[in-house]
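Here's the letter readout for the chains.
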2 protein chains.
Amino acid sequence: MPITVQNSNSTVEDIVARLTEAVHEHKVQPGTKLREDEVGEIFGVSRTLVRQALHTMEHSGLVTIERNRGAFVAKPTLKEAREVFEARALLEPQTAHAAALRTTADDIAALERHIENEHRAIEREQAGLALKLSGDFHLEIARIADQKIVEGFLHQLISRSSLVIALYWRRRNALCESNAHHALVKALRDRQADEAEELMKQHLLDLLTQLDLRERPSGPTSLRDVFS
Amino acid sequence: MPITVQNSNSTVEDIVARLTEAVHEHKVQPGTKLREDEVGEIFGVSRTLVRQALHTMEHSGLVTIERNRGAFVAKPTLKEAREVFEARALLEPQTAHAAALRTTADDIAALERHIENEHRAIEREQAGLALKLSGDFHLEIARIADQKIVEGFLHQLISRSSLVIALYWRRRNALCESNAHHALVKALRDRQADEAEELMKQHLLDLLTQLDLRERPSGPTSLRDVFS
DNA sequence: TAGGCATAAATTGTATACAATATGATTTAC
DNA sequence: GTAAATCATATTGTATACAATTTATGCCTA
């Protein structure tokens, strides 16, 4: 199903944001082809800007571009899926630690509002939105830690996590991780850096166990993928 | 001084590679403006491909693009410089550990040849080349560890490291770190994963102490940078 | 002479046109 | 009837043309 919105005069950033949102909320499946004309028509811009947007998304790992064949929503393999969470496990605990040492009252307030939104999304069974907000929560912590470069990496990793979850999530309905987020905020507020680090590590492990990263991925979209 | 090579029919990858090499070897200074038609003329392609190349390099942190103003060789601030090495310290020790568990005899041979080349470059006082090879050595270890995502991040970090070194290196002439690389290869060959991890951690600390990341960066290229 | 304004030149931003490649349908050979 | 080859179509790759913006130049005024 194509995206049903029809804008015009969008900027590259708009296109990236809208497409990213669609992927994050699982409105487009991994493997979906993104034709340049089609995307351009939807957003009311020429292929030039679409190409820029698609290249940007390729660099963030959300899109795969095959020469002369086009752009596709990325489809992480089992191995890549594991690597995403391994990399997050390397970066995020330390980020939580650093964030705890720098958090302001405003930051805490923003995080708590954020968790409110997450709860609301879960209550209303807006799974896609809840997932996106959950990712944003992690990014917000990186922002508080004031580590721009790591934040950029996390941006990529969390984007990819969304794809991984779309492909490998075990029980689609259950999504009840907000307790972990709440505990994290508490540790940040109390400046318990070590505690925050440990909570984050555990939180990521919990996420990982909810994924089915032991068996084979679902079938490929095209036979070509098998023999490439 | 402009790059003096004049090719034609280059691909985007060529342009990225050549420009990256020039930056790595400090043939173009941080802050240098990269005009699109100038680069296009040098490589014999239209602005279309140049733009793609510059955007790619922006994503890898080597180039900064300001809207309507153009592309510049990135000029890491003191804070960014520190963050680069902090991020490397988070990723690389674990990478070395993982590499030690997977290294083959061929890998060891390749690494030893690599160190040979580094020595040769240092002997011939080709500082730029030596620096590039040193970075490649670290990337090679990530490749051996078979961690694609972390390898991608390291690619960015090592690129940026080159800029950092260009700006903040204390003693330009001294470049004698190959002992550390040799010790690392030894640990990898002997499957001493913990040892390799520790050596890498120490190696990165040594690099950091050779940088002058305590004081102010050198003056900006344009006054505009000061007040932006 | 210094500052500001208008104008011209240079440079980047975006759309379009054409070329190259891949995809799919039809034909042809066996 | 199947498989290979051929052609037509669709899609991406690259260059060019034009628009928007910035930067530089010269003129005017105080």
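Along every chain, residues carry numbers that run from 1 in the direction the sequence is written. Numbering of ligands from 1 and lettering of chains from A proceed in the order in which they are written. Residue-level local features of this predicted model are given only where pLDDT is at least 70; pairs of side-chain atoms are given and counted only at 80 or more, and the full residue set underlies all totals for whole chains, interfaces and linings. As a rule here, side-chain values come from all non-hydrogen atoms in the structure, and water together with hydrogens is ignored.

Draft legend 1. Region of the structure containing the interface of chain A and chain B. Counting residues at the interface gives 22 residues for chain A and 22 residues for chain B. By buried area we mean how much accessible surface two parts lose on assembly, using a 1.4 Å probe and totalling the loss over both. Summed over both sides, the interface of chain A with chain B buries roughly 1,900 Å², with 65% coming from carbon and sulfur. Its largest share of buried area at the contact with chain B, chain A owes to L90, I149 and F153 of chain A, together 33% of the area lost on that side. Whenever Lys or Arg places a side-chain nitrogen within 4 Å of a carboxyl oxygen from Asp or Glu, that contact is recorded as a salt bridge. The tally of links from chain A across to chain B stands at 2 salt bridges. Contacts are assigned to residue pairs with any non-hydrogen atoms lying within 4.5 Å of each other.

Draft legend 2. Inspection of the pairing of strand 3 (residues 70–73) of chain B at higher detail. Residues and elements named next belong to chain B. Two strands make a pair as long as DSSP finds a minimum of two bridges between them. A run of H or I in DSSP counts as a helix once it spans at least four residues, and a run of E counts as a strand once it spans at least two, with each numbered from the N terminus. Across 2 bridges, the pairing between strand 1 (residues 33–34) and strand 3 is antiparallel. Paired with L34 across the strands is A71, a residue of strand 3. By the bridge criterion, 4 bridges tie strand 2 (residues 63–66) to strand 3 in an arrangement that is antiparallel. When the bridges of strand 3 are listed, T64 appears paired with F72. Remark: 3 residues form the turn of the hairpin made by strand 2 and strand 3, two consecutive strands paired antiparallel; N68 in that turn has positive phi of roughly 65°.

Draft legend 3. Quick look at the protein's contact with DNA strand D. Taken together, 16 residues lie around DNA strand D, and R47 and R51 of chain A together with S46, T48 and R69 of chain B are the ones closest in. Any N or O atom pair separated by 3.5 Å or less is treated as a polar contact, with the protein-specific requirement of one donor-capable and one acceptor-capable atom, and with residues adjacent in sequence counted only for side-chain atom pairs. Between DNA strand D and R67 of chain A there is a distance of 3.3 Å, counted from a phosphate oxygen to a side-chain nitrogen or oxygen. Of all the elements in the fold, those that place two or more residues in the surface near DNA strand D are helix 3 (47–59) of chain A together with helix 3 (47–59) of chain B. For the surface near DNA strand D, the leading source of residues is helix 3 of chain B, giving 3 residues. For the surface near DNA strand D, a count of residues per class yields 1 nonpolar, 5 polar and 10 charged. Throughout, near means a residue has at least one heavy atom within 4 Å of the molecule or strand. Polarity classes work like this: nonpolar for Ala, Val, Leu, Ile, Met, Phe, Trp, Tyr, Cys and Pro, charged for Asp, Glu, Lys and Arg, and polar for all others, with Gly in that last group.

Draft legend 4. The environment of I165 of chain B, seen in detail. For I165 of chain B, the location among the structural elements is in helix 7 (residues 148–168). Dropping the residues within four chain positions of it, I165 of chain B is found in contact with H26, L131 and L211 of chain B.

Draft legend 5. The packing of aromatic side chains, seen in detail. Between 30 and 60 degrees the pair is tilted, below 30 it is stacked and above 60 it is edge-to-face, where a pair is any two Phe, Tyr or Trp rings, Trp via its six-membered ring, whose centres lie within 6.5 Å. Under the counting rule described, the total for this entry stands at 1 aromatic pair over all chains. Here F153 of chain A and F153 of chain B contribute two aromatic rings whose centre-to-centre distance is 4.1 Å and whose plane-to-plane angle is 10°, an arrangement assigned as stacked. Within this pair, whereas F153 of chain A is found in helix 7 (residues 148–168), its partner F153 of chain B is found in helix 7, the two belonging to separate chains. A relative accessible area of 2% means that F153 of chain A is categorised as buried. Relative accessibility under 20% of the residue-type maximum defines a buried residue, over 50% an exposed one, and the middle range a partly exposed one, all with a 1.4 Å probe and only protein chains included.

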